[in-house]
Structure formats: C-alpha cells, structure tokens
Amino acid sequence: MLDRLPPPQRIGFEDIVEALRFGRAHFLAMPRSSIVYAGVFMLLGLVLLLAIGALGLSPLVLPFAGGFMLLGPVLLAGYFELALRYEQGLETSSGEAFRTFARAPPELWMVALICAFLFLIWITDAGVLYSFTLGGTHFGYDLAWLPEFGGDVLRFELWGSLMGASLAYMIFVISAFSVPLVYERRTGLVEGIAASARAVLGNFTVCLGWGLVLGVVVMGSILLLPLLLVTLPVMAYASFHLYRRVFPPGGHVAQAAN
C-alpha cells in the first residue's frame, strides 16, 4: 500500500516568481541537455505546422498549438528527471531525459492515455468547427505564421479557443501535480489525480494564474518555434519547483510496502 499524502500546501503569486527564477537557474545549469530534449518536440512541431500549411489549413495552427498543452504535462517528465538528477549530483545528459519513459511507472502511462484521449477530442472538435466555419477555403502558410484574419477566421479561433481552454483546464487540474507525484512514486494514479485536483482547487487563483502563464508562453513559443528550446525547459523546471512547494519532499514520501 501507499502512505497517504499530506494536504497540499498553500502558495502565493510570489511562488510563481520564485519558480520562474528556479526554472531559469536550472536551465542555465543544464543548457545542452535541456535544449536537446526540447529540440525533439520543436522538430516534430515544425513538421506538423508545415504540413498544416501545405494542406491550406493554416487556421488550425492555433488549435494544434493549444493541443500541445494537453500532452505537455506528461512530456515534462523528462525534465523532472533532469531536475532530480541535478539535485542529486548525477549525470544530467539528454539521454537520461529520454530514458525517463522507459523507467516510468505504469500509472504515468495511464495519465498519458487520458491526456491523449482529451487531445483527440479537442482536435476532432476543432476539425468539425473548422469544416462548418472555414471548410473549402485554402489558407496558405506565410512567413507571419498565421493567415490574414477575416471575420470567419476570427470566429473559428474564438470558439476554438473557448473549447480548448475548457479541456486544457481539465488536464491541468488532473495532471499538474499528479504527473510528478506518480513519477516519483509517491502515490498511485487515483490518489495522485485526487491530490492534484485538491491542490489546484485549493490554490485556485494562483494555479489559474500559473496555467495562464504556461499557456501564453508555450503557445506563443510554438508559433515562434525556436523560442521553445528555451521556454519549454524553463517552464518545466518552474513547474517542478511549484510541485515541490505544494507537496514538499521528505517524511511524507509514499513507499510501497515490502
């Protein structure tokens, strides 16, 4: 069995500022491994965005960028591993970040499946909305990354953003703290999700602010992809620091019974 976690700690907006400093410091301490790990996602994003543009579906760039926020929490586990190894004075190569998924507990893969399922719902809904509002119109991909906005495009982006925001918030509630809790094997899947929900709702205003910061920074970086090489690791390490503030390590770490 697993020991029960203590109640989540309260945090303030000053903790967000401190977390961003922590993220920057860890990035500067491990720049090469941090950038290489982020580079894989940047290249995948570039291929996807170019494919969308080639198909004349450029208004879908924003929904796909938002969709990354649904998958992001699980992908950040590689950075959590780098942060843990850095604290312990161990090797922090990019290979260790990639090997994270080979060592990940089954519960983390269950969280990944939940995130992937909601991502598919989001992209399907965005596709249906696109077909009703912009279907049949070819929007080429230009150097400004987004097509020239018309009324129909603006309506699509507005309603698409509203739909995506609701799903992104659901993912944030269940995964913001459950992913690191499960990855460190401090709790099981169900308790981890419940603990994450309690932490987010118990720090509603601060967590909402942190979620908005994450969304704006990561989505903006996806639209200007080279920025992702820096912003993704910084925000990942910052997320890890906030997790440690809400669920401090120490005597409450859950362990499996022998």
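Reading the values: rules and limits
- Residues numbered from 1 in each chain as written.
- Predicted model: local features only at pLDDT ≥ 70, side-chain atom pairs only at ≥ 80, totals over all residues.
- Heavy atoms only, no water.
- Axes fitted to C-alpha atoms, helices over the stretch in contact; angles between N-to-C directions.
- Helix = DSSP H or I, 4+ residues; strand = E, 2+ residues; numbered from the N terminus.
- Parallel < 35°, antiparallel > 145°, perpendicular 65-115°, else oblique.
- Left-handed = near helix turned anticlockwise from the far one by under 90°.
- Contact = heavy atoms within 4.5 Å.
- pLDDT = per-residue confidence, 0-100.
- Buried < 20%, exposed > 50% of the residue type's maximum accessible area, 1.4 Å probe, protein only.
- Polar contact = N/O pair within 3.5 Å; in protein donor to acceptor, adjacent residues only side chain to side chain.
- Expected span 1.5 Å × (residues − 1).
- Bend = angle between axes of the 7 residues up to and from the residue.
- Nonpolar A, V, L, I, M, F, W, Y, C, P; charged D, E, K, R; others polar.
- Salt bridge = Lys/Arg side-chain N within 4 Å of Asp/Glu carboxyl O.
- 1 Å grid on protein atoms, 1.4 Å probe; cavity = no way out; pocket = protein on both sides within 12 Å on 5 of 7 lines; lining within 4 Å.
- Points joined across faces, edges and corners; volume = space filled by probe spheres on them.

Some points on the packing of helix α1 (residues 13-29) against helix α12 (residues 228-246)
Packing of α1 against α12 leaves a shortest axis separation of 7 Å and a crossing angle of 125°. By the angle between their directions, the pair α1 and α12 is classed as oblique. For the pair α1 and α12, the sense of crossing is right-handed. Between α1 and α12, the residues in contact are Asp 15, Ile 16, Glu 18, Ala 19, Leu 20, Phe 22, Gly 23, Arg 24, His 26 and Phe 27 and Leu 229, Val 230, Pro 233, Val 234, Met 235, Tyr 237, Ala 238, Phe 240, His 241, Leu 242 and Arg 245, respectively.

Some words on the confidence of the model for the protein chain
On average, residues of the protein chain carry a pLDDT of 82, and 88% of them reach 70 or more. Mean pLDDT values for the elements of the protein chain range from 73 in helix α3 (residues 61-75) up to 96 in α1. Scored below 50 in pLDDT, residues 143-147 shows 11 contacts in the model against residues more than four places distant or in partner chains. With pLDDT under 50 throughout, residues 251-258 is counted as low confidence; its partners more than four residues away or in other chains account for 16 contacts.

Some thoughts on the side chain of Glu 81
Counting through the fold element by element, Glu 81 comes out in helix α4 (residues 77-87). On the basis of relative accessibility, which here comes to 9%, the residue Glu 81 falls in the buried class. Here the side chain of Glu 81 touches Tyr 183 through a polar contact of 2.6 Å, side chain to side chain.

Quick word on helix α2 (residues 31-54)
Each full turn of the α-helix corresponds to 3.6 residues, which orients residues three or four apart in the same direction. Spanning 24 residues, α2 covers 33 Å between terminal C-alpha atoms, matching the ideal 34 Å at 1.5 Å per step. Its maximal kink placed at Gly 39, α2 deviates by approximately 25°. Turning to α2, its buried residues are Ser 33, Ser 34, Tyr 37, Ala 38, Gly 39, Phe 41, Met 42, Gly 45, Leu 49, Ile 52 and Gly 53. Downstream of α2 by a residue or two, Gly 56 has a phi angle that is positive, lying close to 75°.

Here we look at the packing of α2 against α12
Interaxial distance between α2 and α12 falls to 8 Å at its minimum, and their mutual angle equals 115°. Taken together, α2 and α12 sit at an angle that is classed as roughly perpendicular. As for how α2 packs across α12, the hand of that crossing is right-handed. Side by side, α2 and α12 meet where Ser 34, Ile 35, Ala 38, Gly 39, Phe 41 and Met 42 of the first sit next to Leu 228, Leu 229, Leu 232, Pro 233 and Tyr 237 of the second. Partitioning the contact of α2 with α12 into residue classes produces 9 nonpolar, 2 polar and no charged.

Observations concerning α4
In terms of residue burial, α4 counts as a mostly covered element, since 9 of its 11 residues are buried. Along α4, the residues classified as buried are Ala 77, Gly 78, Tyr 79, Phe 80, Glu 81, Leu 82, Ala 83, Leu 84 and Arg 85.

Here we look at the pattern of salt bridges
What the rule picks out here adds up to 8 salt bridges. Of the charged contacts, one joins Asp 15 and Arg 245 as a salt bridge, the two residues approaching to 2.9 Å between their closest N and O atoms. Here the residue Asp 15 occupies a position in helix α1, and Arg 245 occupies one in helix α12, the gap between them amounting to 230 residues. Of the residues examined, Arg 245 reaches a relative accessible area of 28% and is grouped as partly exposed. We note a salt bridge from Glu 81 to Arg 103, for which the minimum N-O separation is 3.2 Å.

Digging into the layout of surface pockets
Taken as a whole, the second largest pocket holds about 300 Å³ of empty space. If you go around the second largest pocket, you meet 15 residues; those closest to its centre are Phe 41, Leu 44, Gly 45, Leu 48 and Phe 68. Counting residues per element, the ones that place at least two in the lining of the second largest pocket are α2 and α3. Looking at the lining of the second largest pocket element by element, the count peaks at 6 residues for α3. When grouped by side-chain class, the residues that make up the lining of the second largest pocket number 13 nonpolar, 2 polar and no charged.

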